[in-house]
Amino acid sequence: MSKKTAKKTETPPPPMQKEKENFITMFSKIDSAQKHRILAYLFWLLGIFIILFAYRAA
């Protein structure tokens, strides 16, 4: 009878996952022209929603 040798199966460690960046850290990495553009779009979208809400409420 032959003894079966148990092979050690070494699993490689899981790959390091990047920490998910939140909006604030992503926003701080972009330049000021892009920040201004994003804020302008958000401002216009907010204005459009306010106008539509006022129109629906009237």
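Asks: Quick question: what am I supposed to make of the overall build of the protein here?
Replies: Looking only at helices and strands, one finds two helices and zero strands in the protein. Of all 58 residues assigned to the protein, the portion counted as buried reaches 2%. If you sum the accessible surface of the protein, you get close to 6,800 Å²; carbon and sulfur atoms cover 67% of it.

Asks: Mind showing me how you'd approach a nonpolar patch on the surface here?
Replies: Together, Ile 38, Leu 39, Leu 42, Leu 45, Ile 48, Phe 49 and Leu 52 give the surface a local cluster of nonpolar side chains, amounting to about 650 Å² of exposed area. Tracing the chain through its elements places Leu 42 in helix 2 (residues 32-57). Overall, the relative accessible area of 45% leaves Leu 42 in the partly exposed class.

Asks: Just to check I follow, could you spell out the environment of Ile 30 for this structure?
Replies: Topologically, Ile 30 is positioned in the loop between helix 1 (23-29) and helix 2. According to the relative accessible area criterion, Ile 30 is partly exposed, its value standing at 23%. Among residues more than four places away in sequence, those in contact with Ile 30 are Lys 35 and Ile 38.

About the thresholds
- Just so you know, the residues in each chain are numbered from 1, in the order the chain's sequence is written.
- Where local features are concerned, this predicted model is filtered to residues with pLDDT of at least 70; where side-chain atom pairs are given and counted, the filter is 80 or more; whole-chain, interface and lining totals use all residues.
- Only hydrogens and water are set aside; all other atoms, that is, all heavy atoms of the structure, feed into the side-chain values.
- Numbering of helices and strands runs from the N terminus, with a helix taken as a DSSP run of H or I at least four residues long and a strand as a DSSP run of E at least two residues long.
- Type-normalised accessible area, obtained with a 1.4 Å probe on protein chains alone, sets the label of each residue: buried when under 20%, exposed when over 50%, and partly exposed for intermediate values.
- Accessible areas in this description were obtained via Shrake-Rupley with a 1.4 Å probe; residue shielding takes into account the shown protein chains only.
- Patches here: salt-bridge-free residues with over 30% relative accessible area, like charges joined within 9 Å, nonpolar side chains (Val, Leu, Ile, Met, Phe, Trp, Tyr) joined within 5 Å.
- One speaks of a salt bridge when a side-chain nitrogen belonging to Lys or Arg is within 4 Å of a carboxyl oxygen belonging to Asp or Glu.
- By the convention used here, residues are in contact when the closest approach between their heavy atoms is within 4.5 Å.

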